Every structure is written in structure tokens, then in C-alpha cells.
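Structure assessment
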Amino acid sequence: MSYLAPSEFVTKMVDAGESKIFMSTRDTLIRAYMAGAILALAAVFAVAVTQQTGYPIIGAILFPVGFCMLYLLGFDLLTGVFVLSPLALIDKRPGVTLSGVLKNWGLVFTGNLAGAVTVAVMMAIVFTFGFSTPPNAVGKVIAGIGEARTLGYKEYGAAGMLTLFIRGVLCNWMVSTGVVGAMISTTVGGKVIAMWMPIMVFFAMTFEHSVVNMFLFPSALIMGGNFSIMDYLVWNEIPTVLGNLVGGLSFTGLTLYSTHLKTAPKKQAYPRAA
């Protein structure tokens, strides 16, 4: 699969983070919008497969198809830029500033949300025949997910909030590993295999992904989920975003950077024998 050594793909991670910070606002928003929309469609696909087969593991096995598609097309998720953009700042790349990193995060968040909500509206129309009937079986499952993963955490108070945050941490540990996976091979097949494995783990374990939730919860609200927008923001999206940031940057970005680039032993040149 034309595997790259860790020192090589970690350098690519820093380069990618730098390029995202200097990308135009227009391009950043377009790429983030498409990423949010494609991941939302993948979430619908996985939920539909799970509902049809009765086996959640099948949905988890197939969900990564959306993640692979969007990264092969060069689109951006918030969970990915949480890891890549700060590395360019840490590496002291010329012109990279904290404000630039925060701007990149804000633009990608906005684009992801717009793409995910667009698909949420479109799928709600599909699930309800243009809002003329109650949601079909898949729509009811999505509405149930919205309630269970907001009010379900709220019921446990601080313990629920801690659990939600940790599930966000674990999620982006795996998802950001998938982002890196796109860089460790120079072939399409190699990239897909490397991305597929950690994304399947995150989805099968039902960890909390901020961009997937940008679709699931607005979709559930549109189709009559019994929770409020404030429930969604306080008891899911905001803690999930924070957990995704901590998990991806701590367990993937900084660990790879510190050991494979920053403190890796330098190669020594030895003179040839006469």
C-alpha cells in the first residue's frame, strides 16, 4: 500500500494544517459544507442499514464509506482540523497565528453545520413524504437517537456531562486517527483501509462525533423529537465539540508530532569506506 514512515506522514500533517489556515474563506466553507453533507448521508445510510437488518455492527462496518469519500475528495471536517491546524502553530510555521487557527475552526464548524442541516432537511422530506405523513421507520429511529443522547445524559446531571465529554474524547481519538490514515499511504486502496478501521471502531462504540450530531439532532427535531434546541446544545453539541478537540489533539496530533517529528532521532551521515 506504499506505506510512508511516521516521520514522513507527520510532516504531511503539519503541512496540511498550515495549508488549511491559509486557505481562502470561500474554499474553506465549500469544503466544510460538502464534508458535513457527505458525512450526514453516511450517517443516514448506517442508521437505515441498522434498522433494516437489526444488526448495528453492519451499520458500523459500512458507515466509513462516507468518511473515505469526503477525505479522498479533499473536504474538511471539524474533527480533522482540530488536530491538523494547531500543529502548524506548534511547529512555528511562518505566518501561522492562534487567530488563524481559531478562524479556521470557526469556518469549518459553520460549513459542516450548514451541510449537515441541509441533508437533515432533505432527509426529513424523504422520511415524511414532504411532511405529509409521520416519519417512516428510519426517521423514527433518528428521532429516538436525538432524545436518548440529550435527555439521556441530562438525566444523570454532572455524571452524564462527564460521560458525554469522555465519549467525545474517545471519538476523535479514533476519527483523527482516520484523518492521519489518509496520509500514511500513497494509494487509494491503502488510504481507504487505513481510514476505515478507526472510523468503524468509533461508530460501533457509539462515541460522540460533533459533525455527525449536527445532522442527527436537527433531523430529530424536525421530525418531532421530544427535546429542545437548548437540550441539544448543552447536553450534546458543546461538550462533544470540546471532547473532540481534547481527544484528537492530545491522543493523536501531539503524540505523533512529539515523538515522530519533534524528538525523533536525527539520521547521521556516515562517510563511505575508501
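As the structure is a prediction and not an experimental result, all values here were calculated from the model.

With numbering matched to this structure, UniProt assigns "transmembrane region" (unreviewed entry) to residues 30-49, 61-85, 105-131, 156-175 and 241-259. Overall, residues 30-49 shows 100% helix and 0% strand. The separation of its end C-alpha atoms is 29 Å. Annotated as residues 105-131, this span is 85% helix and 0% strand, and its ends, taken at the C-alpha atoms, are 34 Å apart.

Right, let's talk about the pattern of salt bridges for a bit. Counted by the stated rule, this structure contains 7 salt bridges. One salt bridge in this structure joins Asp-15 and Arg-93, with 2.9 Å as the shortest N-O distance. Residue Asp-15 is located in helix α1 (residues 6-21), and its partner Arg-93 is located in the loop between α5 (78-90) and α6 (98-127); the two are separated by 78 residues in the primary sequence. On the basis of relative accessible area, Arg-93 is assigned to the buried category, the value being 17%. Put simply, Glu-208 and Arg-149 hold a salt bridge, and the shortest N to O gap is 3.0 Å. Highlighted residues: Glu-208 in the loop between α10 (188-204) and α11 (210-222) and Arg-149 in the loop between α7 (137-148) and α8 (151-154), separated in sequence by 59 residues. A network of salt bridges, in which partner residues are shared, links Asp-15, Glu-18, Asp-91 and Arg-93.

Here is what the cut-offs are and how they apply
- Residues numbered from 1 in each chain as written.
- Predicted model: local features only at pLDDT ≥ 70, side-chain atom pairs only at ≥ 80, totals over all residues.
- Heavy atoms only, no water.
- UniProt positions renumbered as here; feature names shortened; annotations may be inferred.
- Helix = DSSP H or I, 4+ residues; strand = E, 2+ residues; numbered from the N terminus.
- Salt bridge = Lys/Arg side-chain N within 4 Å of Asp/Glu carboxyl O.
- Buried < 20%, exposed > 50% of the residue type's maximum accessible area, 1.4 Å probe, protein only.

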